[in-house]
Amino acid sequence: MKLYEFQAKEIFARYGIPIPEGEAASDPDSARAIASRLGGRVVVKAQVHVGGRGKAGGIKLADTPADARTLAAGMLGQPLKGLVVRHVLVERALDIAAEYYLSATIDRMSKRVIMMASAMGGVDIEEVAASHPDKIVKLVVDPAYGPLDFQIRDLITEAGFALPAARAIGGVAHALYELMLRCDASLVEINPLVVTGTGEVIAADAKFDVDDNALYRQKDLVQYREETEEDPIEAEAHRRGVTYVRLSGDIGIIGNGAGLVMTTLDLVTREGGRPANFLDIGGGAQAESVRTAIEILLMDPNVKGILFNIFGGITRGDEVAKGILAGTESLDIRVPVVVRMAGTRSAEGRALLQGTNLVAAAGPIEAARKIIELARAQPAAARSGPESTSGELG
Amino acid sequence: MGILVGPDSRVLVQGVTGREGAFHTAQMVVYGTKVVAGVTPGKAGTEVTGVPVFDTVRDATQRTGANVSIIFVPPPFAADAICEAADSHVPLVICITEGLPTLDVVKAVRFASERGVRIIGPNCPGVMTPGSAKVGIMPADVFREGHIGVVSRSGTLTYEVVNLITEAGHGVSTCVGIGGDPIIGTTFVDVLDLFRDDPQTRGVVLIGEIGGSDEEMAADLIGRGYPKPTVAFISGRSAPPGKRMGHAGAIISGNTGTPESKLQAFRRAGVYVGDTLDDVVSHLIGLLAERSA
């Protein structure tokens, strides 16, 4: 789960990381009110979960509250890099003397938390990594001890941070690690970490990803989830415990196991189709959860066909078949459905589906081809297909 | 022979009385795996399909000499279960549980490595050496004993590939599901090292996916001269960046974890990467035939 900058900064403040004075707004008038309360020059920042906002016109300076209102009005409700802006953050503009980079993330290679620092802040760190890899200094943290004082000092010295600010930056680094642990963050990034003309150290931006697996013990952060969810179907799927990712195509895909579903998406793409989603019913799914999966998938109006790819292990083919039948009986399925079923109790499952209008396929490639063909034959406008539960296809 | 598990494996099941734990304990026993003990705190003295249950791993290992642990404990407690097994010096700990907080895994990996204990997983289907030991949740009936080593980040996809191997008249030496999480105890490189020294394994199928750079590391290892024919498959090639595709570890972030990077690495190393699982299996069988000709 990604947090917005303004949410991340709320947490930063709680852990003693200095942030600019400011507040989030969801409408232009509030933006003006915040700007007038702050007084002087402010920066208006579109809140979206994507990097490179500045270049895309999502970060702008305003000299008056009226300007701040105009800028906010121009951002709110508008798409920025494909995402609709629902909040802007209005902050006092900083007098910037230096821009640094500081982050903590989980490093898959060392299997530990890694902290990174660079004196080349304010630009995309991946660009720095590509052009000046020597300008990024890393500290792999031993989970038994956390980052030790001297290690943080080394990190800061090697990164080349200017001296008067170094002590304050050390404090920020310790706080960053502390909040990463306490909040189960998978990434916390400050870019830029600004040193002002008067020598203050301030986190001018904040990127904050929370480990979804840890949300059960991060009750404080769960409140952010609803507002950060970009897609209503993904939000509903999450509420019902379905692993669903919405994509941009029209072939709905359901399978058991993340690897199998990913491979099914790849196959459909390779055969010239465009997947509408990723949906994994997981291991050992019962009929009811299969029915729910179909319901979620059909919330997407773009879906013109459904492909089931099931390889039974702990998942039983007959149980999945019962779920599919329950779906066809209780839901108004007006699109073709192709089912490929192998593995545990797949023969029983296939037998259950015989005599319905569901299309059987022997292997995954055949299944992909069939559903693409059938979806193409659908009238583009309306999924106003005829039969829903009766018919003689087999 | 095979690797990691075999006829000498004495298996301990942590979380044995839970729904999944009890079900798969029975399945492992039916397969002929030596399941010697179960652990559920507070349930000592009971039995699950004839397997004695203990309160602690220490008790269980002292009484039964268990040398492999398989974990079905729910996610909030699973990392602690790994540490408990490691502290009793169970040399191999296989964590089936999915959904462990990543920072818990970081801690458990540190704790286990300090004690020389190997972790497989978390979020994995386990390890199986057909004919001698199934320490996992895979459907046993698709497996046949043979000479192909299988190592995979995915569960279901593994069953699919093993099924293809069996249908082609071949079999598996050992199948290792390393897990779909971002931090896992044992990686492709570790398993390739083990397969290298296993006389029964003549060739290897590697099933990778988007996210991380373990596939690239494996490709490097093979490129430096790996003695056994190896083929690879990468799932998630059509996945959009930034979206977590089911597995916590299957996500393209920035420039890392892309399918292109993995494909290039394997190609550079001279490893065949198939578009479909059928391609992968038939290519490896071809390579094995050339070798024995």
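Along each chain, residue indices are assigned from 1 in the same order as the chain's sequence is written. As a convention, the first chain written is A and the first ligand written is 1, with the rest following in written order. Per-residue local features are limited, in this predicted model, to residues with pLDDT of at least 70; the limit for side-chain atom pairs, both in listing and counting, is 80 or more; totals at the level of whole chains, interfaces and linings are taken over all residues.

**Q** How should I be thinking about the overall build of chain B in this particular structure?
**A** Looking only at helices and strands, chain B has nine helices and 14 strands in total. In this treatment the radius of gyration is a C-alpha quantity, and the globule benchmark scales as 2.2 Å times the residue count to the 0.38 power. Against the globule reference of 19 Å for 293 residues, chain B gives a C-alpha radius of gyration of 18 Å, in line with a compact fold. Referenced to the eigenvectors of the C-alpha coordinate spread, the extents of chain B come out at roughly 55 × 45 × 30 Å. Exposure criterion: with C-beta atoms placed from backbone coordinates, a residue whose C-beta has 20 or more other C-beta atoms within 10 Å is buried, one with 12 or fewer is exposed, and one in between is partly exposed. Split into buried and exposed, the 293 residues of chain B put 59% on the buried side. Contacts here follow a simple rule: the backbone-placed C-beta atoms of the two residues must lie within 7 Å. Taking all contacts inside chain B whose residues are at least 6 apart in sequence as the whole, residues at least 24 apart take part in 72%. Put simply, DSSP marks the helices as runs of H or I at least four residues long and the strands as runs of E at least two long, and each gets a number from the N terminus on.

**Q** What is the right way to read the confidence of the model for chain A from this model?
**A** Interpretation of the predicted coordinates at a detailed level should be avoided for regions scoring low in pLDDT. Residue and element names in this part refer to chain A. The predictor's confidence in any single residue is recorded as pLDDT, a number from 0 to 100. With 95% of its residues at a pLDDT of 70 or more, chain A shows a mean pLDDT of 91. Within chain A, the lowest mean pLDDT, 77, falls on helix α7 (residues 219–228), and the highest, 98, falls on strand β7 (residues 88–92). Under a pLDDT of 50 for its full length, residues 381–394 has, in the predicted model, 24 contacts with residues more than four places off or in other chains.

**Q** Just to check I follow, could you spell out the sheet that holds β7 of chain A for this structure?
**A** Within a sheet, each strand pairs with its neighbour through backbone hydrogen bonds, oriented either parallel or antiparallel. Residue and element names in this part refer to chain A. Strand pairing follows a simple DSSP-based rule, namely that at least 2 bridges must link the two strands. Ordered by their spatial adjacency, four strands build an open sheet running β2-β7-β3-β4, and the pairing between neighbours is antiparallel. Strands with a single pairing partner mark the edges of an open sheet, and in this sheet they are β2 (22–25) and β4 (59–62). Sheet twist, expressed as the average angle between the axes of neighbouring strands with direction ignored, equals 20°. Note: β2 against β7, four bridges, orientation antiparallel. For Ala-25, the partnering residue across the bridge sits in β7 and is Val-88. Axis definition: a line fitted to C-alpha atoms, limited for helices to the stretch in contact. Angles are taken between N-to-C directions and run from 0 to 180 degrees. Against the sheet, helix α3 (residues 65–75) contacts β2, β3 (42–46), β4 and β7, and its axis sits at roughly 10° relative to β3.

**Q** Please explain the pairing of strand β2 (residues 35–39) of chain B as it appears in this structure.
**A** For a regular strand, the rule is simple: side chains alternate between the two faces of the sheet. Residue and element names in this part refer to chain B. Burial analysis of β2 places five of its five residues in the buried class, which makes it a mostly covered element. As defined by bridge partners, strand β1 (residues 11–14) adjoins β2 across four bridges and the pair is classed as parallel. Within the sheet, the bridge partner assigned to Gln-14 lies in β2 and is Val-39. Between β1 and its parallel partner β2, the chain crosses via helix α1 (residues 19–31), and the hand of that crossover is right-handed. Handedness rule for crossovers: strands pointing away from the viewer, path from the first strand over the helix to the second running clockwise, crossover right-handed.

**Q** Would you take a moment to explain unusual backbone geometry for this structure?
**A** The general pattern is negative phi for most residues beyond glycine and trans for most peptide bonds. Residue Pro-192 of chain A is bonded to the preceding Asn-191 of chain A through a cis peptide linkage, with omega at 10°. Checked against the element boundaries, Pro-192 of chain A lands in strand β11 (residues 185–196). Here the residue pair Gly-121 of chain B and Pro-122 of chain B is connected by a cis peptide bond, since its omega of 5° sits within 30 degrees of zero. For Lys-81 of chain A, which is not glycine, the phi dihedral falls at a positive 50°. Secondary-structure assignment places Lys-81 of chain A in the loop between β5 (79–80) and β6 (83–84). Given 16 C-beta atoms within 10 Å, Lys-81 of chain A falls into the partly exposed group. One non-glycine residue, Asp-184 of chain A, lies in positive phi territory at about 50°.

**Q** I'm lost on the pairing of strand β16 (residues 277–280) of chain A in this one. Help?
**A** Residues and elements named next belong to chain A. The two faces of β16 match: Asn-277 and Leu-279 on one face and Phe-278 and Asp-280 on the other face are all buried. Of the strand pairs in this sheet, strand β14 (residues 243–246) and β16 are connected by four bridges, and their pairing is antiparallel. Bridge assignment links Arg-246 to a residue of β16, and that residue is Asn-277.

**Q** Would you take a moment to explain the interface of chain A and chain B for this structure?
**A** A common way to express how large an interface is: the accessible area buried when the components associate. With 41 residues of chain A at the contact, the number on the chain B side is 44 residues. Secondary structure elements with two or more residues in the side of chain A that touches chain B: β9 (112–118), β14, α9 (258–270), β16 and β17 (305–312) of chain A. Residues are grouped as follows: Ala, Val, Leu, Ile, Met, Phe, Trp, Tyr, Cys and Pro are nonpolar; Asp, Glu, Lys and Arg are charged; all remaining types, including Gly, are polar. Per-class residue counts for the side of chain A that touches chain B are 19 nonpolar, 13 polar and nine charged.

**Q** What is the right way to read the nonpolar core from this model?
**A** Nonpolar side chains tend to gather and get buried jointly when the protein is soluble and globular. Each nonpolar core consists of buried Ala, Val, Leu, Ile, Met, Phe, Trp, Tyr and Cys residues. Their C-beta atoms, within 7 Å, join them into a set. Val-88 of chain A together with Ile-82 and Val-93 of chain B are the most contacted members of the largest nonpolar core, which has 222 residues in total. Sort the elements by how many residues they give to this core and helix α6 (residues 163–183) of chain A lands first, with nine residues.

**Q** Can you help me understand the packing of helix α5 (residues 149–159) of chain A against α6 of chain A in this one?
**A** Residues and elements named next belong to chain A. Axis separation between α5 and α6 bottoms out at 10 Å; the angle between their running directions is 125°. One way to sum up the angle between α5 and α6 is to call them oblique. By crossing handedness, the relation of α5 to α6 is classed as right-handed. Together, Ile-152, Arg-153, Leu-155 and Ile-156 of α5 and Ala-166, Ile-169, Gly-170, Ala-173 and His-174 of α6 make up the contact between the two elements. Roughly parallel here means an angle under 35 degrees, roughly antiparallel means over 145, roughly perpendicular means 65 to 115, and every remaining angle is called oblique. For any pair of crossing helices, the crossing counts as left-handed if the nearer helix is rotated counterclockwise from the farther one by less than a right angle, and right-handed if it is rotated clockwise.

**Q** Whenever I open this one, the sheet that holds strand β7 (residues 118–120) of chain B confuses me. Can you help?
**A** Residue and element names in this part refer to chain B. Spatial strand order, β3-β4-β2-β1-β5-β6-β7: seven strands in an open sheet with mixed pairing. Where the open sheet ends on each side, the last strands, each with one partner, are β3 (47–48) and β7. Where strand β6 (residues 92–95) and β7 come together, three bridges link them in parallel fashion. Bridge pairing in β7 places Leu-92 opposite Arg-118. Helix α2 (residues 57–64) rests against β1, β2 and β4 (51–54) of the sheet, and its axis sits at about 160° to β2. In the packing of helix α3 (residues 75–87) onto the sheet, contacts are made with β1, β5 (68–71), β6 and β7, and the angle to β6 comes to roughly 170°.

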